[in-house]
Amino acid sequence: MNTMTAVNTESSISIRDLTLNFGAVQVLKRMDLEVAPGEFIVLLGPSGCGKSTLLNCIAGLLDITDGQIWIKGKNVTWAEPSERGIGMVFQSYALYPQMTVRGNMSFGLKNQKMPQAEIDARVARAAEILQIQPLLDRKPGALSGGQRQRVAIGRALVRDVDVFLFDEPLSNLDAKLRSELRVEIKRLHNKLNNTMVYVTHDQIEALTLADRIAVMRGGVIQQLDEPQTIYNRPANLFVAGFIGSPS
Ligand code: ADP
Ligand code: MG
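The structure presented is a predicted model; accordingly, all values stated were derived computationally and were not measured. (Residues numbered from 1 in each chain as written. Chains lettered and ligands numbered in written order. Predicted model: local features only at pLDDT ≥ 70, side-chain atom pairs only at ≥ 80, totals over all residues.)

### A few points about the UniProt feature "domain: ABC transporter" (unreviewed entry) in the chain
- According to UniProt, the "domain: ABC transporter" (unreviewed entry) feature falls on residues 13-243.
- Summarising residues 13-243: 37% helix, 26% strand, and an end-to-end C-alpha distance of 25 Å. (UniProt positions renumbered as here; feature names shortened; annotations may be inferred. Helix = DSSP H or I, 4+ residues; strand = E, 2+ residues; numbered from the N terminus.)

### Re the packing of helix α2 (residues 101-111) against helix α4 (residues 145-157)
- At a minimum axis distance of 8 Å, the contact between α2 and α4 shows a crossing angle of 30°. Judged on the interaxial angle alone, α4 and α2 are roughly parallel. Helix-helix and strand crossings are classified by hand; for α2 and α4 the assignment is right-handed. From α2, Val101, Asn104, Met105 and Gly108 reach across to α4, where they touch Val151, Gly154 and Arg155.
- In the contact of α2 with α4, the residues fall into three nonpolar, three polar and one charged. (Axes fitted to C-alpha atoms, helices over the stretch in contact; angles between N-to-C directions. Parallel < 35°, antiparallel > 145°, perpendicular 65-115°, else oblique. Left-handed = near helix turned anticlockwise from the far one by under 90°. Contact = placed C-beta atoms within 7 Å. Nonpolar A, V, L, I, M, F, W, Y, C, P; charged D, E, K, R; others polar.)

### What about the pairing of strand β6 (residues 86-89)?
- Burial of β6 is two-sided: the residues Ile86 and Met88 facing one way and the residues Gly87 and Val89 facing the other way are all buried.
- Both β6 and strand β7 (residues 163-167) contribute to a ladder of four bridges, which runs parallel. Opposite valine 89, over in β7, you have phenylalanine 166 as the bridge partner. (Buried ≥ 20, exposed ≤ 12 C-beta atoms within 10 Å, placed from the backbone. Pairing = 2+ DSSP bridges.)

### A short note on α2
- All of the buried residues along α2 are Val101, Arg102, Asn104, Met105, Ser106 and Leu109.
- Buried positions along α2 lie against α3 (116-130) and α4.
- In the stretch just after α2, lysine 113 is the one whose phi turns positive, near 65°.

### Re unusual backbone geometry
- Backbone geometry places lysine 72, a non-glycine residue, at a positive phi of 50°.
- Looking at the secondary structure, you find lysine 72 in the loop between β4 (66-71) and β5 (74-75).
- Non-glycine residue lysine 113 carries a positive phi angle of around 65°.
- For lysine 113, the position within the fold is in the loop between α2 and α3.

### Some thoughts on the site of ligand 1
- As a matter of local geometry, ligand 1 sits amid Phe22, Val27, Gly45, Ser47, Gly48, Cys49, Gly50, Lys51, Ser52 and Thr53.
- Sort the elements by how many residues they give to the shell around ligand 1 and helix α1 (residues 51-59) lands first, with three residues.
- Its residues assigned to classes, the shell around ligand 1 comprises three nonpolar, six polar and one charged. (Near = placed C-beta within 6 Å.)

### A closer look at the packing of α3 against α4
- Following both chains from N to C, one finds α3 and α4 inclined at 140°, their axes separated by 9 Å at the closest point. In terms of axis orientation, α3 runs oblique to α4. Read as a crossing pair, α3 and α4 show a hand that is right-handed. In contact with Ala126, Ala127, Ile129 and Leu130 of α3, α4 contributes Arg150, Ile153, Gly154 and Leu157.
- In terms of residue class, the contact of α3 with α4 is made up of six nonpolar, one polar and one charged.

### A word on the sheet that holds strand β1 (residues 13-22)
- Taken in spatial order, the four strands line up as β2-β1-β4-β5 in an open sheet, and their pairing is antiparallel. Single-partner strands in this sheet number two, and they are β2 (25-35) and β5.
- Alignment of β4 against β5, held across two bridges, turns out to be antiparallel. Within the sheet, the bridge partner assigned to isoleucine 71 lies in β5 and is lysine 74.
- Relative to β1, α1 is tilted by about 120°, and along the sheet it contacts β1, β2 and β4.

Here it is in structure tokens:
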């Protein structure tokens, strides 16, 4: 019997009753999550709690065991990643080393057979927003870690999508770059006003970036609230301990 209430089609992302098993292990446990258009949601939790798995389910990179995923009012539970209208940025930059920055940023659009003039315009705009114009003809090997991660963000940006998924995009960077890029990601969000789902295990990142934080443990969302509420009124000892202590 299906007892699910109707999906809110105004939401940017609706996750309903999502379960994901790896073999006999239930990694996500009947999870529900509604993300409003333009919202910056941070998934925060310790290593192994299922953050990347949840992001990969939204992106369509994993077949879910049960439940539904809706994006912008469409049921995409079984849609291909390319049909979901999302852009994803990973922890490792996953750039093609033999291609220039321009080539890396254009690649996905070329595959979609987009006209070259449109590709050039999109790359130019993304490069301007991220201030990487001087890097366009370089190869990834000639870039710093921070520059590479900017390019990885640029590659998502050119797709002109409403939903961005970030999986620990800053965790390979040193502390100074991390805080610089954190500010830039926040600025990017203010400028584009798109929906962001951002995975981290870093409390500072979560508290400074999020409109709302989902604190996860063992495949379950323990608390979903604004940063101030999470900080001042943690729902349980786990949340209090996790937000309270540096990892
Ligand atoms: P997080 O991103 O929060 O660190 P993950 O989503 O990567 O956590 O992993 C959640 C759990 O699922 C972990 O226990 C991990 O070992 C397990 N897991 C992740 N990917 C796989 C896989 N492909 N096969 C089996 N188990 C996996
Ligand atoms: Mg992860």
